Amino acid sequence: KNEVEQSPQNLTAQEGEFITINCSYSVGISALHWLQQHPGGGIVSLFMLSSGKKKHGRLIATINIQEKHSSLHITASHPRDSAVYICAVRGSQGNLIFGKGTKLSVKP
Amino acid sequence: ETGVTQSPTHLIKTRGQQVTLRCSSQSGHNTVSWYQQALGQGPQFIFQYYREEENGRGNFPPRFSGLQFPNYSSELNVNALELDDSALYLCASSLDPHANTEAFFGQGTRLTVV
């Protein structure tokens, strides 16, 4: 079993829809990261959180430490949100342990 | 723009050859981590350098090696390339390997081994 599990693996939405991507982890963590990867390959950090909720524009990230679960929400989705969204936690060596990612496609 | 640059962006090598990938970290970031991302998978941790010393390693064989330089640049070297080494290689720089600081990623080097 992977230490970081994401669902769904693939997600297709219509422009304007509310989107939720889920992440569960099995290890003790101090922080969880949500990242975005576009087809070119580069990864951009969206959020780093250790408790509660963070909001940036149309993106909202929440985490429940007791349940070892985090969600990334996108409100009023837009085709430019199409990307792979990856959840990651920090391992004991200081490295990031990644989920496999959720490929989001938003149709106009 | 993350301030982290990788070169080259694409590379084709033949099985058995050696390759060197380069990463220029953000100024002041003394930690660099390297990851391998196979198609359709999440990145896998190769190793991490902190102040020019390796201070963490994932499940990769010794033919994967690295260097970090005082000018915030680093290298990933892979010897005796195998077909399965074909992947996107990402470097990430940060301030401290264990503190909860943000990691900044480069655009990656896509390596194809034929």
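Anything mentioned here points back to the structure above.
Everything numeric here is computed off the predicted structure, so don't read it as measured data.

Participant: Describe in detail the interface of chain B and chain A, supporting the description with residues and values.
Facilitator: Facing the 24 residues of chain B at the interface are 21 residues of chain A. Between chain B and chain A the total buried area reaches about 1,800 Å² when both faces are included, carbon and sulfur atoms providing 50% of it. Here chain B is connected to chain A by zero salt bridges. Taken together, chain B and chain A are joined by five residue pairs in polar contact (both at pLDDT 80 or more). Among the elements of the structure, β4 (31-37), β5 (44-50), β6 (53-57) and β9 (87-94) of chain B are those that each provide at least two residues to the side of chain B that touches chain A. For the side of chain B that touches chain A, the element with the highest residue contribution is β6 of chain B, accounting for three residues.

Participant: Residue-level account of the sheet that holds strand β1 (residues 4-7) of chain A, with values.
Facilitator: Residues and elements named next belong to chain A. Across the sheet, which stays open at both edges, the five strands sit in the order β1-β3-β8-β7-β6 with antiparallel pairing between neighbours. Two strands bound the open sheet, and with one partner strand each, they are β1 and β6 (52-56). Averaged over all adjacent pairs, the angle separating strand axes in this sheet is 15°, with direction ignored.

Participant: Mind laying out the pattern of salt bridges, listing which residues take part and the relevant values?
Facilitator: Side chains that differ in charge, positive against negative, can pair when their charged atoms come close. Throughout the structure, instances matching the rule amount to five salt bridges over all chains. Put simply, Arg58 of chain A and Asp81 of chain A hold a salt bridge, and the shortest N to O gap is 2.8 Å. Of the two residues, Arg58 of chain A is situated in the loop between β6 and β7 (59-64) and Asp81 of chain A in the loop between β8 (69-74) and β9 (83-90); the sequence distance between them amounts to 23 residues. According to the relative accessible area criterion, Arg58 of chain A is partly exposed, its value standing at 27%. Between Arg57 of chain B and Glu54 of chain B there is a salt bridge, and its shortest N-O distance comes to 3.3 Å. Where salt bridges share partners, they join Arg63, Glu82 and Asp85 of chain B into one cluster.

Participant: Can you explain the side chain of Glu75 of chain B? Please cite residues and give values.
Facilitator: Residue and element names in this part refer to chain B. When you line up the elements, Glu75 lands in strand β8 (residues 73-78). Judged by relative accessible area, which is 15%, Glu75 ranks as buried. Look past the residues within four positions of Glu75 in its chain and what remains in contact with it is Thr20, Leu21, Arg22, Trp34, Ser65, Gly66, Leu67 and Phe69.

Participant: Would you mind going over the state of the cysteines in detail, with residue names and values included?
Facilitator: Residues and elements named next belong to chain A. Per the counting criterion, the structure on display carries two disulfides over all chains. Note that Cys23 is cross-linked by a disulfide to Cys87, the S-S spacing being 1.9 Å. Taking the torsion about the sulfur-sulfur bond, which here is approximately -55°, the covalent link between Cys23 and Cys87 counts as left-handed. One end of the pair, Cys23, is in strand β3 (residues 19-25); the other, Cys87, is in strand β9, with 64 residues separating them in the sequence. Cys87 gets classed as buried once you look at its relative accessible area, which sits at 0%.

Participant: Provide a residue-level description of the pairing of strand β3 (residues 19-24) of chain B, including the pertinent values.
Facilitator: Each regular strand carries side chains that alternate between the two faces of the sheet. Residue and element names in this part refer to chain B. Where strand β1 (residues 5-7) meets β3, three bridges bridge the pair, whose relative direction is antiparallel. Each residue of the ladder has a partner; that of Ser7, found in β3, is Arg22. Bridge analysis of β3 against β8 gives six bridges, and the strand direction is antiparallel. From the neighbouring strand, Thr20 faces β8, where its bridge partner is Asn77.

Participant: Explain the side chain of Asn95 of chain A to me, and be specific about the residues and the numbers.
Facilitator: One can find Asn95 of chain A in the loop between β9 and β10 (96-98). According to the relative accessible area criterion, Asn95 of chain A is buried, its value standing at 6%. Beyond its immediate sequence surroundings of up to four residues, Asn95 of chain A is in contact with Val89 and Arg90 of chain A together with Tyr35, Phe45 and Gln48 of chain B.

Participant: Help me get a handle on the pairing of strand β5 (residues 43-49) of chain A, residues and values and all.
Facilitator: All names here are of chain A. Here six bridges tie strand β4 (residues 32-37) to β5, and the two strands are oriented antiparallel to one another. In the sheet register, Gln37 faces β5, and the bridge partner there is Ile43. Remark: five residues form the turn of the hairpin made by β4 and β5, two consecutive strands paired antiparallel; Gly41 in that turn has positive phi of roughly 115°.

Scoring rules and cut-offs
Residues numbered from 1 in each chain as written. Chains lettered and ligands numbered in written order. Predicted model: local features only at pLDDT ≥ 70, side-chain atom pairs only at ≥ 80, totals over all residues. Heavy atoms only, no water. Contact = heavy atoms within 4.5 Å. Buried area = accessible area lost by both parts, 1.4 Å probe. Salt bridge = Lys/Arg side-chain N within 4 Å of Asp/Glu carboxyl O. Polar contact = N/O pair within 3.5 Å; in protein donor to acceptor, adjacent residues only side chain to side chain. Helix = DSSP H or I, 4+ residues; strand = E, 2+ residues; numbered from the N terminus. Pairing = 2+ DSSP bridges. Axes fitted to C-alpha atoms, helices over the stretch in contact; angles between N-to-C directions. Buried < 20%, exposed > 50% of the residue type's maximum accessible area, 1.4 Å probe, protein only. Disulfide = S-S within 2.5 Å.

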